[in-house]
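So you can see what is in the structure, the chains are spelled out below.
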Amino acid sequence: MNKTTGVITGINGNMITVSFEGSVTQNEVGFAVRGDERLKSEVIRIQNNQAFLQVFEDTRELKVGDTVEFTDELLSVQLGPGLLGQIYDGLQNPLPELAEKFGFFLPRGVIMDALRPEQNEWEFTPLVRKGDRIKAGHALGTVPEGEFTHLIMVPFDFQGDFTVQNIVEKGKYRVNDPVVKIKGERNQTHELSMTFDWPVKLPITAYRRKLLPTEPMITKVRIIDTFFPVAKGGTYCIPGPFGAGKTVLQQITSRYAEVDIVIIAACGERAGEIVETMREFPKLTDPRTGKSLMERTIIIANTSSMPVAAREASVYTATTLGEYYRQMGLNVLLLADSTSRWAQAMREVSGRLEEIPGEEAFPAYLESRIAEFYERSGVVELYNGSTGSLTIGGTVSPAGGNFEEPVTQATLKVVGAFHGLSRDRSNARRYPAIDPLESWSKYSSVVDKKIIDDANRFLQKGSEVHQMMMVIGEEGTSVEDFIIYLKSEFLDAVYLQQNAFDKVDAATSPERQKYVSALIDDILNHDFEFESKDEARKYFYELRQKFIDWNYLKMDSEDFKKQEQSILTMIKGLNRDEKGV
Amino acid sequence: MKKVYNRILSVVGNVITVRAEGIAYGELAEISTRRGKSLAQVIKLDGDIVSLQVFAGSRGVSTSDEVRFLGHPMRVSFSENMLGRIFNGSGEPRDGGAAITEDVIPIAGPSVNPAKRIIPKRMIRTNIPMIDVFNSLVASQKLPIFSVSGEPYNELLARIALQAEVDMIILGGIGLKFDQYMYFRNVLEEGGALNRSIFFIHTASEPTVEGLMVPDLCLAVAEKFALKGKEVLVLLTDMTNFSDALKEIAITMEQVPSNRGYPGDLYSQLAARYEKAVDFDTAGAITILAVTTMPGDDVTHPVPDNTGYITEGQFYLRNGRIEPFGSLSRLKQQVNEDTREDHRAIMDGMIQLYAQYMESEEKRSMGFRMSAWDQKLLRYGKAFESRMMDLSVNIPLEEALDRGWTIMAECFEPHETGMRSDLISQFWPENGNTAAVSPDSAEESMVRSGKKSEPDSKKSSAKRKPAAKKKQAGPKKSSKKTDRSQARTKQAADSGND
């Protein structure tokens with residue numbers, strides 16, 4: 001096929017201007033050729049016979065007059081078995097293999113196969129027979145990939161109905177080996193292998209319909225699951241100033257979340273943080289499968305010093321991989337850290353295109369891009385009747401820790417849950433530092449609504465009393481108000497806060513959350529009689545200590561029962577009957 | 001032969017344009033003006049119009065001046081001969097010595113593959129207790145010193161340079177005042193550290209753009225030495241000047257500013273430099289300490305704000321001391337487990353006590369009567385400030401830990417410190433404080449002084465401690481904020497009493 005070529009006429013930072021003859025597609029990939037190097041770039045604007053391309057690499061030493069080869073393909077990722085457990089850069093180059101081949105530094109202009117087509121063989125089991133009618137997204141066969149059954153599907157962009165002409169026997173094949181031949185309505189035939197490409201900026205829609213996200217996605221973080229839950233297929237965001245614990249919260253979620261697959265997109269953040277995940281995940285075991293956590297994880301690492309244009313792409317790369325596994329009826333969680341860096345990458349490109357800037361120089365289309373990204377989440381009903389989900393959680397790093405900035409505001413418009421981290425809570429070492437009064441969620445919790453309403457009421461009132469005490473002092477506060485304050489502090493200390501470094505406390509199962517929150521609710525609603533504030537304070541501190549000790553005990557252990565008994569004896573006359581506990 | 005052009009089309013700010021062909025992006029050129037020669041770098045190509053930023057500034061550039069393209073991007077030579085030498089922002093000697101031209105390497109090279117990074121685990125000792133004990137510096141860490149003009153941040157850098165356990169030091173000065181540059185030179189010379197140092201100095205009197213190259217020059221050289229197995233410490237002062245130079249060029253190039261005039265890529269530009277900090281798996285390491293002065297002492301200013309998101313913690317330098325509260329080394333947990341068993345306990349315990357001292361000090365300054373416990377805390381606080389926090393204190397980690405125990409023994413009874421009993425039995429100095437008031441009488445005296453709420457709240461705070469210890473995830477440091485607010489609550493209570 002005759003591909004278009006062009007010539008560079010201008011270079012400004014990572015953007016090149018190319019004059020071309022023939023046809024060029026928006027978002028098409030082009031290669032700027034300089035000697036042996038081929039620098040990957042993407043068309044982002046076309047004007048008359050000039051195309052503007054953002055280059056995914058350092059543009060130094062390119063010259064006006066250098067050739068650009070257009071590929072006629074949109075920026076794509078390779079889909080197929082072998083993605084799990086991989087560590088990719090923003091353009092799906094496997095980082096460990098790059099390191100093996102090129103050493104310490106990331107080379108320029110190198111493109112590597114994402115799926116190790118030479119090394120890996122897969123046990124293919126056909127699901128269709130000759131003569132079967134199929135269409136895009138239908139499964140042709142399966143291969144086992146770790147714990148999962150990986151579906152080999154008809155590429156999602158195939159239009160119309162197809163008939164299976166030929167399919168290979170069950171056996172071992174490499175990803176690029178042809179396994180099936182299909183014929184379309186107009187007698188065109190295609191040979192399919194186990195892998196195909198998909199353009200990252202287009203959502204995969206080869207499913208029957210999208211459903212409303214209702215089932216909770218368990219993170220085992222109490223304040224999230226109980227108070228600000230996330231649904232499978234839902235979206236949430238975590239904005240917070242630096243040092244408030246965004247990344248730690250993401251790391252905890254990536255470890256304990258009850259989903260099948262976790263995709264971590266480290267987008268423009270410190271390399272050191274992702275190194276910890278990369279080095280530790282292979283050593284940790286997934287409690288659900290007993291295998292290494294890495295086997296259910298894909299890491300997309302485009303850290304802050306890696307090229308900016310690839311940072312913009314990395315979020316889409318991660319989303320596409322998530323959608324691909326959702327097509328197999330799996331529950332996928334995508335964690336993007338941080339979407340602000342992604343938005344900044346858009347801002348840099350927009351600035352070079354000399355577009356009229358919006359607020360804080362972010363492009364005018366910032367909101368729609370953010371909305372598009374989060375809208376790629378969802379629960380979907382697939383053609384075979386099963387459902388799969390993609391949940392998206394993004395951190396936001398607002399400048400100066402101020403939530404009134406464009407990225408946070410645009411994100412809040414489209415997400416289903418908001419976990420706002422507060423500097424005050426992190427300074428007070430109250431982790432996770434999610435602000436219980438600011439945050440919200442539209443999804444349903446694992447515990448009864450009544451318990452949450454009660455708790456919220458006490459948190460609200462407790463905070464009011466606390467503020468009043470700051471002004472008029474403890475002396476001017478009534479014992480009743482003081483007890484409300486103590487109750488809210490108690491709730492905060494024993495339930496909202498959680499020790500991520502303790503084996504037991506780090507992950508609280510939904511059953512335990514229900515069990516413990518019911519007892520806390522009873523305590524909150526119990527009428528305590530105290531002579532003085534000091535007596536009340538002493539009592540609640542003791543109760544808190546017992547509760548915290550309780551949190552560190554395994555739920556099925558003897559000690560757990562004992563500690564519970566000791567708490568119950570402390571609260572004389574606590575009414576536990578009405579809920580039948 | 002390289003092409004020479006002598007028709008400069010425009011001079012705007014420090015950027016000139018010429019018409020030329022076959023020029024590479026990022027290429028260097030040499031401009032000969034009546035003032036002498038200056039390097040310039042290609043920052044934009046548009047057809048045959050080439051924009052160059054002139055390092056020596058455009059003052060005195062005439063339209064007929066000669067522009068000679070060198071055919072290569074900015075490079076710096078790299079050799080052992082550079083040790084002890086001082087260069088300017090263009091990489092030329094400024095100490096009168098001969099130019100070094102061997103082994104040239106390009107600057108601002110590719111970034112390190114994350115798959116090749118390792119979890120850092122080597123501590124760098126500086127003999128400054130506020131760093132070694134409370135916020136340990138770790139090889140491959142990138143840490144800014146947040147400070148304001150007038151603070152002795154350069155003095156601190158010079159001391160760290162002299163005392164840090166590293167193989168070599170590379171100092172990058174950006175917009176440095178001349179006397180500060182001389183200060184660094186003299187201090188390192190006197191301390192005998194000059195022969196393991198390399199200076200890249202851009203002084204405030206030189207054109208701003210020349211300073212832009214300094215971090216890249218330092219880090220390119222550092223990277224090569226680190227790959228040869230050297231433990232390199234890179235000191236940069238002041239990164240706010242670097243950011244301002246970026247701003248100047250961005251505005252000259254008519255880029256859309258994002259926040260307070262800074263370009264939208266400020267984060268990426270800073271990250272590209274800071275992320276050069278690395279611990280090579282099989283070779284040396286680069287550690288970066290960089291001064292960032294906060295305009296108006298405002299940490300939400302774009303430069304410190306972006307820096308904070310990039311670096312692994314920060315040191316706040318205020319009133320000539322490293323603040324124990326805001327300062328944080330995110331990597332200290334990686335190393336302070338293996339130093340000495342009391343390290344973490346001293347680190348947490350002394351700061352918690354210091355936080356209580358601040359509370360008492362605030363009460364004292366408000367004119368409240370001091371209880372015996374307050375008196376102890378005041379005594380402790382003063383000792384802590386003069387014998388630990390003061391920047392002139394210069395002792396190794398172990399001695400600092402011992403000194404910590406001594407200070408506590410002089411001021412408190414063992415059980416008042418909240419330290420674990422096994423550590424107390426091991427480390428508490430034998431000839432500890434005998435003159436101290438016993439806790440009972442302390443409580444009595446407090447009751448006498450009319451603060452009835454005091455003993456109880458003290459009990460509860462003692463009870464709170466173990467709870468807090470278990471709960472607190474991550475860096476266990478007493479928080480200034482809550483202590484402050486507790487102090488405020490107590491004051492309010494006290495004043496209500498009065």
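Shown above is the structure to which this text applies.
Residues numbered from 1 in each chain as written. Chains lettered and ligands numbered in written order. Predicted model: local features only at pLDDT ≥ 70, side-chain atom pairs only at ≥ 80, totals over all residues. Heavy atoms only, no water.

Enquirer: Is there a simple way to think about the overall build of chain B in this case?
Expert: A count of helices and strands for chain B gives 16 helices and 23 strands. Burial statistics for chain B: of 498 residues in total, 60% are counted as buried. Of the contacts formed within chain B by residues at least 6 apart in sequence, a portion of 73% connects residues at least 24 apart. Within the structure as shown, chain B displays about 18,600 Å² of accessible surface, and the carbon and sulfur contribution to it stands at 47%. (Helix = DSSP H or I, 4+ residues; strand = E, 2+ residues; numbered from the N terminus. Buried < 20%, exposed > 50% of the residue type's maximum accessible area, 1.4 Å probe, protein only. Contact = heavy atoms within 4.5 Å. Areas by Shrake-Rupley, 256 points an atom, 1.4 Å probe, with all protein chains shown as cover.)

Enquirer: Just checking my understanding: could you explain the overall build of chain A for this structure?
Expert: Counting secondary structure elements, chain A contains 14 helices and 26 strands. For chain A, the C-alpha radius of gyration of 27 Å lies close to 25 Å, the compact-globule estimate for 581 residues. In terms of overall dimensions, chain A has C-alpha extents of about 90 × 55 × 40 Å along its principal axes. Looking at chain A as a whole, 61% of its 581 residues qualify as buried. Taking as baseline every contact in chain A between residues at least 6 positions apart, the subset at least 24 positions apart corresponds to 69%. (Rg over C-alpha atoms; globule rule 2.2 N^0.38 Å.)

Enquirer: What's the story with the pattern of salt bridges in this structure? I'm lost.
Expert: Residue and element names in this part refer to chain A. On inspection of all chains with the given rule, the structure shows 54 salt bridges over all chains. A salt bridge links Asp 521 to Lys 450, with the nearest nitrogen and oxygen atoms 3.0 Å apart. Of this pair, Asp 521 sits in helix H12 (residues 510-525) while Lys 450 sits in helix H10 (residues 449-472), placing them 71 residues apart in sequence. The exposure class of Asp 521 is buried, given its relative accessible area of 1%. Because the salt bridges share partners, they merge into one network encompassing Arg 425, Arg 430, Glu 489 and Asp 492. (Salt bridge = Lys/Arg side-chain N within 4 Å of Asp/Glu carboxyl O.)

Enquirer: Is there a simple way to explain the packing of aromatic side chains in this structure?
Expert: Think of a pair of aromatic rings as described by two things: how far the centres are apart, and how the planes are tilted against each other in angle. All names here are of chain A. For the structure on display, the rule yields 45 aromatic pairs over all chains. Pairing Phe 156 with Phe 196 gives two aromatic rings, centres 5.2 Å apart and planes at 85 degrees, and the pair type is edge-to-face. Of the two residues, Phe 156 sits in the loop between strand S12 (148-153) and strand S13 (161-167) while Phe 196 sits in strand S17 (residues 196-199), which places them 40 residues apart along the sequence. When sorted by exposure, Phe 156 lands in the same class as Phe 196, which is buried. Within the aromatic cluster, the residues linked to one another by ring pairs are Phe 490, Tyr 515, Phe 528, Phe 530, Tyr 539, Phe 540, Phe 547, Trp 550 and Phe 560. (Phe/Tyr/Trp six-rings, centres within 6.5 Å; stacked < 30°, edge-to-face > 60°.)

Enquirer: I keep staring at the packing of H12 of chain A against helix H14 (residues 558-570) of chain A and nothing clicks. Help me out?
Expert: Two quantities define a packed helix pair, namely the angle between the helix axes and the distance between the axes. Residue and element names in this part refer to chain A. Running from N to C, H12 and H14 cross one another at 15 degrees; their axes reach a closest spacing of 12 Å. The pairing of H12 with H14 is recorded here as roughly parallel in orientation. Where H12 crosses over H14, the two elements pack in a sense that is left-handed. Where H12 abuts H14, its residues Arg 512, Tyr 515 and Leu 519 lie against Phe 560, Lys 561, Glu 564, Ile 567 and Leu 568. (Axes fitted to C-alpha atoms, helices over the stretch in contact; angles between N-to-C directions. Parallel < 35°, antiparallel > 145°, perpendicular 65-115°, else oblique. Left-handed = near helix turned anticlockwise from the far one by under 90°.)

Enquirer: I keep staring at the interface of chain A and chain B and nothing clicks. Help me out?
Expert: The figure often quoted for interface size is the accessible area lost as the parts come together. Counting residues at the interface gives 80 residues for chain A and 73 residues for chain B. In total, about 6,800 Å² of surface goes out of reach between chain A and chain B, with carbon and sulfur atoms giving 58% of it. Our count for the contact surface shared by chain A and chain B stands at one salt bridge. For the pair chain A and chain B, the interface holds 27 residue pairs in polar contact (both at pLDDT 80 or more). Elements that contribute at least two residues to the side of chain A that touches chain B include exactly strand S1 (5-12), helix H1 (95-102), helix H4 (271-280), helix H5 (308-326), helix H6 (339-352), helix H9 (423-427), H10 and helix H13 (533-551) of chain A. Of the residues in the side of chain A that touches chain B, the class split is 33 nonpolar, 22 polar and 25 charged. Taken together, the two bridges between S1 of chain A and strand S5 (residues 36-46) of chain B define a ladder with antiparallel strand orientation. Within S5 of chain B, the residue paired with Gly 10 of chain A across the bridge is Asp 46 of chain B. (Buried area = accessible area lost by both parts, 1.4 Å probe. Polar contact = N/O pair within 3.5 Å; in protein donor to acceptor, adjacent residues only side chain to side chain. Nonpolar A, V, L, I, M, F, W, Y, C, P; charged D, E, K, R; others polar. Pairing = 2+ DSSP bridges.)

Enquirer: I'm lost on the sheet that holds S13 of chain A in this one. Help?
Expert: Adjacent strands of a sheet form backbone hydrogen bonds with each other and so pair up, either parallel or antiparallel. Residues and elements named next belong to chain A. A sheet is described by the order of its strands in space; here four strands give the open sequence S10-S13-S15-S16, paired in antiparallel fashion. Taken across any chain shown, the strands that pair with only one partner, and hence form the sheet edges, are strand S10 (133-135) and strand S16 (189-192). On average, adjacent strands in this sheet sit at an angle of 40 degrees to one another, irrespective of strand direction. When S13 meets strand S15 (residues 180-184), the two strands line up antiparallel, connected through five bridges. Bridge pairing in S15 links Asn 166 to Lys 181.

Enquirer: Any chance you could explain the environment of Asp 453 of chain A here in plain terms?
Expert: Mapped onto the elements of the fold, Asp 453 of chain A is located in helix H10. A sequence separation of 20 residues divides Asp 453 of chain A from Ala 433 of chain A, and the C-alpha atoms of the two residues are 21 Å apart.

Enquirer: Just to check I follow, could you spell out the sheet that holds strand S11 (residues 139-145) of chain A for this structure?
Expert: Residues and elements named next belong to chain A. Spatial ordering of the open sheet is given by S12-S11-S9-S14, a layout of four strands whose pairing is antiparallel. The open sheet is flanked by S12 and strand S14 (171-173), the only strands paired with a single partner. Taken pair by pair, the neighbouring strands of this sheet meet at an average axis angle of 40 degrees, ignoring direction.

Enquirer: What is the right way to read unusual backbone geometry from this model?
Expert: Both trends apply: most residues other than glycine have a negative phi, and most peptide bonds are in trans. In this structure, the amide linkage connecting Asp 337 of chain A to the following residue, Ser 338 of chain A, adopts the cis form with an omega of 5 degrees. Within the fold, Ser 338 of chain A resides in the loop between strand S22 (331-337) and H6. Backbone torsion omega between Thr 237 of chain B and Asp 238 of chain B reads 10 degrees, so that peptide bond is classified as cis. Note that Asp 238 of chain B resides in the loop between strand S16 (231-237) and helix H6 (239-252). The phi dihedral of Asn 27 of chain A is positive, around 70 degrees, even though this residue is not glycine. Here Asn 27 of chain A lies in the loop between strand S2 (15-20) and strand S3 (28-34). In this structure, Gln 92 of chain A is a non-glycine residue whose phi angle is positive, near 70 degrees.

Enquirer: What's the story with the state of the cysteines in this structure? I'm lost.
Expert: Each disulfide consists of a covalent bond between the sulfur atoms of two cysteine residues. Residue and element names in this part refer to chain A. Counted under the stated rule, the structure contains zero disulfides over all chains. The cysteine Cys 237 is free of any disulfide, with Cys 267 supplying the nearest cysteine sulfur at 15 Å. For Cys 267, a relative accessible area of 1% translates into the label buried. (Disulfide = S-S within 2.5 Å.)

Enquirer: Teacher, can you tell me more about the environment of Gly 173 of chain B here?
Expert: Residues and elements named next belong to chain B. For Gly 173, the position within the fold is in strand S14 (residues 168-176). Along the backbone, Gly 173 and Glu 92 are 81 residues apart, and their C-alpha atoms lie at a distance of 14 Å. Aside from chain neighbours lying at most four places away, what touches Gly 173 is Phe 200, Ile 201, His 202, Val 214 and Thr 237.

Enquirer: Please explain the nonpolar core as it appears in this structure.
Expert: The nonpolar side chains of a soluble globular protein tend to be buried, and buried together. All names here are of chain A. Ranked by size, the top nonpolar core spans 79 residues in total, and within it Leu 79 and Tyr 325 carry the most contacts. Ranked by the residues each element gives to this core, the list is headed by H5, at nine residues. Not counting chain neighbours up to four residues away, the residues in contact with Tyr 325 comprise Gly 80, Leu 83, Leu 84, Glu 145, His 150, Ile 261, Ile 298, Leu 330 and Val 332. (Core = buried A, V, L, I, M, F, W, Y, C linked by side-chain atoms within 4.5 Å.)

Enquirer: Just checking my understanding: could you explain the pairing of S2 of chain A for this structure?
Expert: Each regular strand carries side chains that alternate between the two faces of the sheet. Residue and element names in this part refer to chain A. Buried residues dominate S2, accounting for five of its six residues. Here S1 runs beside S2; their pairing, made up of six bridges, is antiparallel. When the bridges of S2 are listed, Gly 10 appears paired with Thr 17. Counted along the chain from S1 to the antiparallel partner S2, the turn is two residues long, and its residue Gly 13 has a positive phi close to 60 degrees. Note that S2 and strand S5 (residues 50-55) share five bridges and pair antiparallel.

Just geometry here; none of it tells us what the structure is for.
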